[in-house]
Amino acid sequence: MDYLKLSNELYEETKANRRYLHQNPEVGMELPNTSAFILEKLTEMGYAPKRCGGDGIVAVVGKPGGKTILLRSDMDALPMREESGLPFASTCDAAHTCGHDCNAAQLLTAAKLLKKNEAALAGTVKLMFQPAEEVFLGAKAMIADGVLEDPKPDAALSFHVTSGQIPPTMFLYNATGTMMNSVDGFRIVVRGKGAHGAYPEQSIDPINIAAHIYLALQSIIAREIPSTQASVMTVGIFKAGDAYNIIPETAELQGSIRTESPEQRELLVRRMQQVASSVAATFNGTARVEMIAEVPPLICDSVVTKEFVEYMEELDVPGQAGIADLKATASDDFACVLERIPGAYIYLSAGFPDRPATQQHSPDVLFNEEVFRFGPAYLAHCATRWLEEAAKKQE
């Protein structure tokens, strides 16, 4: 089947699905409208989709007896206002500024392509539409609910669009090691003793303690991690008090730790907890550490990644080019899948070479919809070819 030809023929449909999702964004684990839309579209195609992990969705196509490959897309948005100026922009306090609307629309079209070619598939394709990637909860919830069982996938693939100025005929991948860093989100609640602002000696000031913890955390990266290794510790929330003349009882820090190896991850999480506790004790206070996200480094399987890249290159996409060895300090909870199943995570460029670059997670970010002409074909073709080659190995 000529997936590329069909993907072009379904371009307007892919675009319409993306724009509907873009205009109706939802965040986190609860995506009732998004989930209902995906369910409706899959049912219209002849699937029997099921909910998994809350508002996540799973559907299968193909036939039993062969291997199984998982295709995954995220579908949640971010809690922010959009300032893109697009006619189909979100008007609520959520926005698809990461591109998950594009990812989901492409997997929907790939589902249609695969359904049309179901009789020729040499195994099973499992489709995974995931909530809550942005808060790193969705993949774990779907795994706990059995997305990797019955049937268990033998390989996995996830595409993600990326903005910027790279032409939409290019893709980025890593077949040599860690592609994206781990993420461990943390909340540190510092408890002291409140007092009148005029009498600080009667307090145990949690703001002072939290400030010292913040400064001490910066030294961990600077003095305990080799400069050749990419690790990041960022505090994004520092809050305390409700009145300018009152020393509060508590202060709070929230941040994230990102590393490229399990060893770095273990070290930094452990040291963050030790520093918070010991600094607080130095000033007669206490610090309670709560982990709010725990995702390993995203490490693609070298063999499987190279296979997918070869299959992508089989399609006659004008101007096609792959950029190898991509490494990013950002994170994605598809890592939880790749921790259990060999697979690949590949960026599809959705950039505009002739426009100023816009960055993902920014209110004015733009994605080039031309990627929809071949993104769905890549997904369907990779799944089909991987099953074909897996079947040959079983003979």
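In this report, we go over the structure that sits alongside the text. Here the residue numbering is sequential within each chain, running from 1 through the sequence in written order. Only residues with pLDDT of at least 70 get local features here, since the model is predicted, and only at 80 or more are side-chain atom pairs given and counted; chain-wide, interface and lining totals rely on the full set of residues. Side-chain metrics in this entry use all non-hydrogen atoms of the structure; hydrogen atoms and water are not considered.

## Side note on the overall build of the chain
- The secondary structure listing takes helices from DSSP runs of H or I that are at least 4 residues long and strands from runs of E that are at least 2 residues long, numbered from the N terminus. When helices and strands are tallied, the chain shows 10 helices and 16 strands.
- What the globule rule says is 2.2 Å times the number of residues to the power 0.38, and the radius of gyration is computed from C-alpha atoms. Against the globule reference of 21 Å for 395 residues, the chain gives a C-alpha radius of gyration of 23 Å, in line with a compact fold.
- Projected onto its principal axes, the C-alpha coordinates of the chain cover approximately 80 × 45 × 40 Å.
- Here the chain holds 395 residues, and 54% of them are scored as buried.
- For the chain, long-range pairs separated by at least 24 residues make up 81% of all intrachain contacts whose partners lie at least 6 apart in sequence.
- The Shrake-Rupley method, run with a 1.4 Å probe sphere, supplies the accessible areas, and residue values consider only the shown protein chains as cover. For the chain, the accessible surface area stands at approximately 16600 Å², while carbon and sulfur atoms represent 51% of it.
- Counting rule applied: Lys, Arg positive; Asp, Glu negative; His and chain ends not counted. To locate a charge, take atom NZ for lysine, CZ for arginine, CG for aspartate or CD for glutamate. Of note, the chain has its 35 positive side-chain charges centred 2 Å away from the centre of its 51 negative side-chain charges. With a 1.4 Å probe rolled over the protein chains alone, any residue whose accessible area is under 20% of its type maximum counts as buried; one over 50% counts as exposed, and the rest are partly exposed. Here, two residues are considered to be in contact whenever any of their heavy atoms come within 4.5 Å of each other.

## With respect to the pattern of salt bridges
- Salt bridge, as applied in this entry: a Lys or Arg side-chain nitrogen positioned within 4 Å of an Asp or Glu carboxyl oxygen. Evaluation of the coordinates by the stated rule reveals 26 salt bridges.
- Residue Arg-187 pairs with Glu-252 through a salt bridge whose shortest N-O separation is 3.3 Å. Of this pair, Arg-187 sits in strand β8 (residues 183-191) while Glu-252 sits in strand β12 (residues 250-258), placing them 65 residues apart in sequence.
- Residue classification places Glu-252 among the buried residues on the basis of a relative accessible area of 15%.

## Describing the packing of helix α2 (residues 11-23) against helix α3 (residues 32-45)
- As a rule, the C-alpha atoms of each element are fitted with a line to give its axis, helices using only the stretch in contact, and angles between N-to-C directions run from 0 to 180 degrees. Orientation of α2 relative to α3, taken along the N-to-C sense of each, is 160°, at an axis distance of 10 Å. Overall, the two elements α2 and α3 adopt an arrangement that is roughly antiparallel. Our pair here, α2 against α3, has a crossing hand that is right-handed. Residues Asn-17, Tyr-20 and Leu-21 of α2 pack against Asn-33, Thr-34, Phe-37 and Lys-41 of α3.
- By the convention adopted, Pro, Cys, Tyr, Trp, Phe, Met, Ile, Leu, Val and Ala count as nonpolar, Lys, Arg, Asp and Glu as charged, and the other residues, Gly among them, as polar. When grouped by side-chain class, the residues that make up the contact of α2 with α3 number three nonpolar, three polar and one charged. Each angle gets one of four labels, with under 35 degrees taken as roughly parallel, over 145 as roughly antiparallel, 65 to 115 as roughly perpendicular, and the rest as oblique. In this scheme the crossing of two helices becomes right-handed for a clockwise turn of the near helix relative to the far one and left-handed for an anticlockwise turn of less than a right angle.

## What to know about unusual backbone geometry
- In this model, Asp-150 is joined to Pro-151 through a cis peptide bond whose omega is 0°.
- Checked against the element boundaries, Pro-151 lands in the loop between α5 (138-144) and β5 (155-162).
- The residue Phe-136 is not glycine, and still its phi comes out positive at about 60°.
- Inspection of the secondary structure assignment puts Phe-136 in the loop between β4 (124-130) and α5.

## What to know about the packing of helix α6 (residues 206-224) against helix α7 (residues 262-282)
- Interaxial distance between α6 and α7 falls to 9 Å at its minimum, and their mutual angle equals 145°. Along this stretch, α6 crosses α7, giving a crossing that reads as right-handed. Residues Ile-209, His-212, Ile-213, Ala-216, Leu-217, Ile-220, Ile-221 and Glu-224 of α6 touch α7, and the partners they reach there are Leu-267, Leu-268, Arg-271, Met-272, Val-275, Ala-276, Val-279 and Ala-280.

## Quick notes on α6
- Relative to the 27 Å expected for 19 residues at 1.5 Å per residue, α6 spans 26 Å between its end C-alpha atoms, a close match to the ideal helical length.
- By the burial criterion, the buried members of α6 are Pro-206, Ile-209, Ala-210, Ile-213, Leu-217 and Ile-220. End-on view of α6: buried residues confined to an arc of 95°, all on one side of the axis. Along α6, the residues that are exposed and aim more than 90 degrees away from the buried face are Leu-215 and Arg-223.
- Buried positions along α6 lie against β8, β10 (232-240), β11 (246-247), β12, α7 and β13 (286-295).
- Residues adjacent in sequence count toward polar contacts only when both atoms are side-chain atoms; beyond that, a polar contact is any pair of N or O atoms within 3.5 Å, and within protein one must be able to donate a hydrogen and the other to accept it. Two or three places before Ile-207, at the opening of α6, Asp-205 has a side-chain oxygen 2.9 Å from that residue's backbone nitrogen. Each residue after the first adds 1.5 Å to the expected span of a helix. Think of the arc as the fan of directions from the helix axis to the C-beta atoms.

## Remarks on the side chain of Asn-17
- With respect to the element layout, Asn-17 can be found in helix α2.
- Judged by relative accessible area, which is 6%, Asn-17 ranks as buried.
- Filtering out sequence-adjacent residues up to four positions away, Asn-17 remains in contact with Phe-37, Lys-41, Ala-105 and Leu-108.

## Remarks on the side chain of Asn-181
- Positionally, Asn-181 belongs in the loop between β7 (178-180) and β8.
- A polar side-chain atom of Asn-181 sits 3.4 Å from the main-chain carbonyl oxygen of Ala-230.

## A word on the nonpolar core
- Core analysis: the largest hydrophobic core is formed by 63 residues, its most contacted members being Leu-42, Leu-114, Val-125, Leu-127 and Phe-308.
- Examining the composition of this core, we find that nine residues originate from one element, helix α10 (residues 375-394), more than from any other.
- Excluding its chain neighbours within four sequence positions, the residues that come into contact with Leu-114 are Tyr-3, Tyr-47, Val-61, Leu-71, Leu-121, Val-125, Leu-127, Ala-380, Ala-383 and Thr-384. The set of buried Ala, Val, Leu, Ile, Met, Phe, Trp, Tyr and Cys residues whose side-chain atoms join them within 4.5 Å is what this entry labels a nonpolar core.

## With respect to the packing of aromatic side chains
- Between 30 and 60 degrees the pair is tilted, below 30 it is stacked and above 60 it is edge-to-face, where a pair is any two Phe, Tyr or Trp rings, Trp via its six-membered ring, whose centres lie within 6.5 Å. Tallied over the full model, the rule gives seven aromatic pairs.
- Between Tyr-345 and Tyr-347, the ring centres sit 5.4 Å apart and the planes meet at 90°, which makes this aromatic pair edge-to-face. Of the two residues examined, Tyr-345 and Tyr-347, each falls in the buried class.
- Feature note: the residues Phe-159, Phe-171, Tyr-173, Phe-374 and Tyr-378 constitute an aromatic cluster, connected by ring pairs.
- For a ring to carry a charge above it, either NZ of a lysine or CZ of an arginine must fall within 6 Å of the ring centroid while also lying within 35 degrees of the normal to the ring plane. Above the plane of the ring of Phe-352 lies Arg-355, whose end atom (NZ or CZ) is 4.1 Å from the centre.
- Over the aromatic face of Tyr-11 sits the side chain of Arg-373, whose NZ or CZ is 3.8 Å from the ring centroid.

By themselves, these observations are geometric and do not establish any function.
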